[in-house]
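Chains, contacts and geometry: an overview
Listed below, chain by chain, are the residues.
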Amino acid sequence: MPEPRVSPPRSWGRSTVQTACPLDCADSCSLSVTVERGEVVKIEGNTVAPSTHGYVCPKVKRFDRRVYSPERLLHPLVRKGAKGRADFERVSWDEALDLIVAKLTSARETFGAESVLPFYRGGSNGLLTCHYEDARFFRRFGASRLGRCAIDGAVAVYGSMGGVAYDDYEAARLIVVWGCNPSSTSVHLLAHITRAQDAGARVVVIDPRRTPIARAADLHLPVRPGTDLPVALAVVRSLFEDGRADLQFLGAHCDGVDALRAAAEPWTLARAAEEAGIDVDDLAMFAEWYATIAPAVIRCGWAPGRGRNGDAASRAILALPAVAGKFGVRGGGYTTTNAPAWGVDVDALVDVPAPETRTIDPHALGRVLTDAPDPPIAVLFVYDGNPLTTAPDQHRVRRGLMRDDLFTIVHDQVMTDTTLYADVLLPATTFLEHYDIARGEGAYHLHLVQPAIAPVGEARSNQDLFRELGVRFEYVEDDTLGEAGALMDAASRLPPALATPLLAGEVPVPPCGRRPIQFVDVMPATVNGRAQLAPSSGDADSYAYVSEPVDASYPLTLIVPSSEHTISSTLGELRPNIAHVRIHPDDAHARSIAEGESVRVFNELGEVQCEATVTPEIRPGTVSLPSGLWARSTYNGSTATALVSDAPSDVNGARVQVELWGRH
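Residues numbered from 1 in each chain as written. Predicted model: local features only at pLDDT ≥ 70, side-chain atom pairs only at ≥ 80, totals over all residues. Heavy atoms only, no water.

A look at the overall build of the protein
Going by this rule: Secondary structure follows DSSP: runs of H or I at least 4 residues long count as helices, runs of E at least 2 residues long count as strands, and numbering of each begins at the N terminus. Within these notes, the globule rule equals 2.2 Å times the number of residues to the 0.38 power, and the radius of gyration is based on C-alpha atoms. Whether two residues are in contact is decided by their heavy atoms: any pair within 4.5 Å suffices. Residue-level accessible areas treat just the shown protein chains as cover; the underlying method is Shrake-Rupley with a 1.4 Å probe. By the counting rule applied here, Lys and Arg register as positive and Asp and Glu as negative, while His and the ends of each chain are not counted. Charge positions are represented by NZ for Lys, CZ for Arg, CG for Asp and CD for Glu.
Looking only at helices and strands, one finds 22 helices and 26 strands in the protein. The C-alpha atoms of the protein give 25 Å as radius of gyration, which agrees with the globular expectation for 664 residues (26 Å, within 12%). Based on the C-alpha atoms only, the size of the protein along its principal axes is roughly 70 × 65 × 50 Å. Put simply, of all contacts in the protein between residues at least 6 apart along the chain, 76% involve residues at least 24 apart. When the accessible surface of the protein is summed, it comes to about 24600 Å², and 49% of that surface belongs to carbon and sulfur atoms. Of the side chains in the protein, 63 bear a positive and 83 a negative charge, and the two mean positions are spaced by 2 Å.

What about the sheet that holds strand β10 (residues 219-221)?
Going by this rule: Only strands that DSSP links by at least two bridges are regarded as paired with each other. Note on method: axes are straight lines fitted to C-alpha atoms, helices fitted across the in-contact stretch only, with angles between N-to-C directions ranging 0 to 180 degrees.
Read across the open sheet, the five strands follow the order β10-β9-β8-β12-β13; overall the sheet is parallel. Looking at strand neighbours, the two that pair on one side only are β10 and β13 (333-335), the edges of this open sheet. If you compare each strand with its neighbour and ignore which way they point, the axes differ by 15° on average. Pairing of strand β8 (residues 174-178) with strand β12 (residues 296-300), which is carried by five bridges, proceeds in the parallel orientation. Across the sheet, the residue bridging to W178 is C300, located in β12. Against the sheet, helix α14 (residues 310-324) engages β8, β12 and β13, with an angle of about 165° to β12.

A word on the packing of helix α4 (residues 133-141) against helix α19 (residues 462-472)
Applied cut-off: Should an angle fall under 35 degrees it is called roughly parallel, over 145 degrees roughly antiparallel, and 65 to 115 degrees roughly perpendicular, with every other angle called oblique. We call a crossing left-handed when the near helix sits turned anticlockwise from the far one by less than a right angle, and right-handed when that turn is clockwise.
Their axes nearest at 8 Å, the elements α4 and α19 cross at an angle of 30°. Here α4 is positioned roughly parallel relative to α19, judged by the angle of their axes. Of the two elements, α4 crosses α19, and the hand of that crossing is left-handed. Facing α4, whose interface residues are E133, D134, F137 and F138, α19 presents Q463, F466, R467, L469 and G470.

Observations regarding the pattern of salt bridges
Let me state the cut-off plainly: Each reported salt bridge corresponds to a side-chain nitrogen of Lys or Arg within 4 Å of a carboxyl oxygen of Asp or Glu. Exposure is judged per residue with a 1.4 Å probe applied to protein chains only, and the accessible area is read against the type maximum: over 50% gives exposed, under 20% gives buried, and values in between give partly exposed.
Inspection of every chain in the model, using the stated rule, returns 33 salt bridges. Its salt-bridge partner being D646, residue R367 comes within 2.8 Å of it at the nearest N-O pair. You can see R367 sitting in helix α16 (residues 365-370) and its partner D646 sitting in the loop between β25 (622-624) and β26 (654-660), a full 279 residues away along the chain. Note on D646: relative accessible area 15%, which makes it buried. The structure contains a network of salt bridges with shared partners spanning E133, R136, D351, R467, D489 and R493.

Description of the confidence of the model for the protein
Parts of the prediction with low pLDDT should not have their coordinates interpreted in detail. Basically, it comes down to this: Every residue is assigned a pLDDT by the predictor, reflecting its confidence on a scale from 0 to 100.
Considering every residue of the protein, the mean pLDDT works out to 92; 95% of them sit at 70 or more. Confidence drops under pLDDT 50 across residues 5-10; counting only partners more than four residues distant or on other chains, this segment forms 18 contacts.

Description of the sheet that holds strand β2 (residues 30-36)
What the three strands build is an open sheet, ordered β1-β2-β3; its pairing is antiparallel. If you trace the sheet from one side to the other, it starts and ends with β1 (14-20) and β3 (39-45), each paired once. If you compare each strand with its neighbour and ignore which way they point, the axes differ by 25° on average. Pairing of β1 with β2, which is carried by seven bridges, proceeds in the antiparallel orientation. Within β2, the position partnered with A20 by the bridge is S30.

Some remarks on the side chain of D168
Convention followed: We call two N or O atoms a polar contact when they sit within 3.5 Å, provided that within protein one can donate a hydrogen and the other can accept it, with sequence-adjacent residues counted only if both atoms are side-chain atoms.
With respect to the helices and strands, D168 occurs in the loop between α5 (153-158) and β8. Taking relative accessible area as the criterion, D168 reaches 1% and is therefore assigned buried. Reaching out from D168, the side chain makes a polar contact with the side chain of R515 at a distance of 2.5 Å. In contact with D168, other than residues within four places in its own chain, are R330, G331, R515 and P516.

Some remarks on the pairing of strand β9 (residues 202-206)
By the criterion of burial, β9 is predominantly enclosed, with four of the five residues buried. Sheet analysis places β8 next to β9, joined by five bridges and oriented parallel. Each residue of the ladder has a partner; that of V177, found in β9, is V205.

Examining the packing of aromatic side chains
Stated formally: Planes of paired rings set the category: under 30 degrees apart is stacked, over 60 is edge-to-face and the rest tilted, where pairs are Phe, Tyr or Trp rings (Trp by its six-membered ring) whose centres lie within 6.5 Å. Here, a charge over a ring means that NZ of Lys or CZ of Arg falls within 6 Å of the ring centre while also lying within 35 degrees of the ring normal.
Across all of its chains, the model carries 27 aromatic pairs by this definition. Between F63 and F431 the ring centres are 4.9 Å apart and the planes differ by 45°, which places this aromatic pair in the tilted class. With F63 in the loop between α1 (58-61) and α2 (64-67) and F431 in the loop between β17 (424-427) and β18 (436-439), this pair connects stretches of sequence that are 368 residues apart. For the pair F63 and F431, one class covers both residues: buried. With centroids separated by 4.9 Å and ring planes inclined at 20°, the aromatic side chains of Y158 and Y334 adopt a geometry described as stacked. Of this pair, Y158 sits in helix α5 while Y334 is found in strand β13, placing the two residues 176 residues apart along the sequence. Each member of the pair, Y158 as well as Y334, is classed as buried. Put simply, the rings of Y120, F137, F138, F141, F381, Y383, F466, F473 and Y475 pair up and form one aromatic cluster. Across the ring face of F119, the terminal group of R121 is positioned such that the distance to the ring centre comes to 5.9 Å. Lying across the ring of Y290, K326 places its NZ or CZ 5.4 Å from the centre.

Observations concerning the packing of helix α3 (residues 93-111) against α19
In plain terms, the rule: Note that Gly is not counted as nonpolar here; it falls among the polar residues with everything else outside the nonpolar set of Ala, Val, Leu, Ile, Met, Phe, Trp, Tyr, Cys and Pro and the charged set of Asp, Glu, Lys and Arg.
It is at 11 Å that the axes of α3 and α19 come closest, and there the two elements cross at 60°. Considered as vectors, α3 and α19 are oriented oblique to each other. Where α3 crosses over α19, the handedness of that crossing is right-handed. Taking contact as the criterion, the partners of W93, D94, L97, D98, I100 and V101 in α3 are, on α19, L465, E468, L469 and R472. Residues belonging to the contact of α3 with α19 are distributed by class as follows: six nonpolar, no polar and four charged.

What about helix α13 (residues 280-292)?
Applicable threshold: In this scheme, a helix's expected span is set at 1.5 Å multiplied by one less than its residue total.
Between its first and last C-alpha atoms α13 spans 18 Å; for 13 residues at 1.5 Å apiece the expected length is 18 Å, and the two agree. Those residues of α13 that sit buried are L283, F286, A287, W289, Y290 and A291. Two to three positions downstream of the cap, the backbone nitrogen of D281 sits 2.7 Å from a side-chain oxygen, assigning the N-cap of α13 to D279.

Some points on the state of the cysteines
How we decide: Sulfur atoms of two cysteines make up a disulfide when they are within 2.5 Å.
According to the stated counting rule, one finds zero disulfides in the structure shown. No disulfide involves C57; its sulfur sits 6.4 Å from the nearest other cysteine sulfur, which is in C25. Owing to a relative accessible area of 18%, C57 belongs among the buried residues under this scheme.

Observations regarding helix α18 (residues 394-401)
The line we're drawing: Regarding the arc, it is the one traced by the directions from the helix axis to the C-beta atoms.
Among all positions in α18, only Q394, R396, V397, G400 and L401 are buried. All buried residues of α18 project into a common sector of 160° when viewed along the axis, lining one side. Among the structural elements, α16, β15 (379-383), α17 (387-390) and β16 (407-412) are those in contact with the buried residues of α18.

Next comes the structure, spelled out in structure tokens:
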């Protein structure tokens with residue numbers, strides 16, 4: 001197998017390194033990084049990846065601001081003062097690792113190995129920097145396992161079937177963007193949608209907000225949060241009712257059809273429109289367009305699945321192309337995440353069996369840290385994440401991190417909100433300083449991520465950190481190959497058709513092809529090869545709708561969309577100003593709130609003090625705060641997760657009130 005094509009430059013001259021962006025975005029762009037005198041001076045998109053087209057988002061284009069941030073962690077640190085006060089002293093890597101090994105060993109001997117919990121959110125990392133060497137270490141150690149936050153609706157219905165490629169959106173005559181804002185999460189898809197629209201395609205956007213793509217759409221349905229399920233079921237019902245359902249396709253390729261149809265039966269267009277707070281004529285227009293226009297494609301985002309009725313909503317939305325017979329043509333079907341379409345078996349990469357240890361729900365981190373399960377969490381190992389910012393029930397998470405008997409290790413690139421509560425801080429590399437393998441979630445990109453510069457300060461990658469811990473616990477022999485060896489090891493476990501071009505700096509073609517046609521080139525990757533339109537029980541109750549609770553004290557629904565400033569919480573340290581809550585003019589007027597005024601957004605869990613943006617671009621009864629905020633972005637240091645419980649229905653749908661400061 002060939003060695004990686006490019007090695008990190010070590011000279012003082014000017015050079016360009018071809019690499020890629022592994023951050024939590026659907027596009028996974030290919031990059032050209034210019035290095036001068038050992039430092040990054042320019043980050044640009046290149047044309048190695050088909051969808052990048054030489055353009056990258058401003059967040060990545062200026063990623064050197066994080067690399068050289070004054071808040072960059074440069075050396076291992078150990079807490080010497082009270083938790084939360086950022087009082088640390090510098091130590092060597094050996095001293096830090098010796099302390100970590102001692103604490104892990106003590107926790108295992110006192111409470112058992114499950115008293116150790118790794119906490120990570122791997123979206124901004126590739127195959128080597130999350131759930132690779134770290135998984136090997138924690139599996140051998142016997143630590144508690146971290147569960148998944150969300151289940152993709154498409155995987156539940158179709159398995160890991162590849163979705164419609166970005167390029168093929170230009171073949172579609174109807175494009176439905178449902179619960180997704182490509183301006184923030186997949187900017188390269190916008191160009192294909194625009195070209196399709198210029199060629200006569202119609203665009204429908206279903207979102208409580210009037211996002212940039214909604215402004216340009218032919219039809220915008222500003223549904224109430226949590227009502228995606230009845231809207232989707234109403235369209236399903238109309239397809240069956242009007243004789244436009246593709247019964248032949250359903251019989252040949254789908255299970256659970258009767259359960260889906262029974263669940264949709266009560267949802268007339270009028271009833272669904274009333275429940276969703278939209279015009280019934282607009283919903284009828286969408287149903288008519290979806291029934292009669294082909295090819296038609298749905299780009300379904302994460303939002304519908306992360307709130308009230310989430311699992312059922314995702315399944316109902318993704319059932320639509322099957323019911324309407326939209327598959328089998330270029331530009332027809334759906335796109336959610338295409339990462340599974342590469343057929344990479346992560347467990348085969350790890351090559352260490354997962355032990356039968358308990359699984360911890362990441363949403364319940366605050367509860368797990370404060371409610372003393374058996375065994376209690378004695379050591380929390382945080383990497384690839386900032387749980388004080390991203391985990392629900394923020395105040396409970398903070399109380400847990402403040403426990404004197406909790407030993408917290410944080411491996412990160414910069415000083416985050418979570419690092420303030422660490423007992424040991426370890427400096428981590430950025431993607432410009434280590435090897436990785438990145439998969440696109442939307443675009444069909446599989447990249448070799450290569451270091452453009454040497455690690456800043458004493459930063460180490462996850463691969464190096466967990467390999468060293470494995471050596472100290474005598475799980476593995478000393479590794480003299482380092483990251484390049486890890487890359488070659490991982491590549492050797494990939495199919496040669498992927499590994500060979502990958503290591504040559506090319507973008508491999510996925511097994512399903514660069515532009516697969518669903519139900520022609522790819523079929524459902526389910527147990528029986530058929531789409532599962534209802535759970536295996538076949539019960540229509542799996543589509544049961546839970547209406548929004550009525551609470552006079554907290555009459556507004558909070559949504560937490562992705563931000564143009566951050567990628568999840570990554571780059572939150574660079575956010576320039578105090579965050580704004582977006583509120584409709586009717587709701588603002590009823591509360592005497594004017595543009596730019598300081599307000600408190602609150603409920604029984606906490607409050608966020610910020611500023612108001614009064615805009616008709618969010619529907620009445622709904623307010624939004626950006627996801628990924630850090631404490632510095634609000635007046636009181638609390639962010640949206642302070643208002644969100646650990647109930648799945650609260651992630652996008654917590655109930656809140658908004659008022660001017662000082663008014664009760």
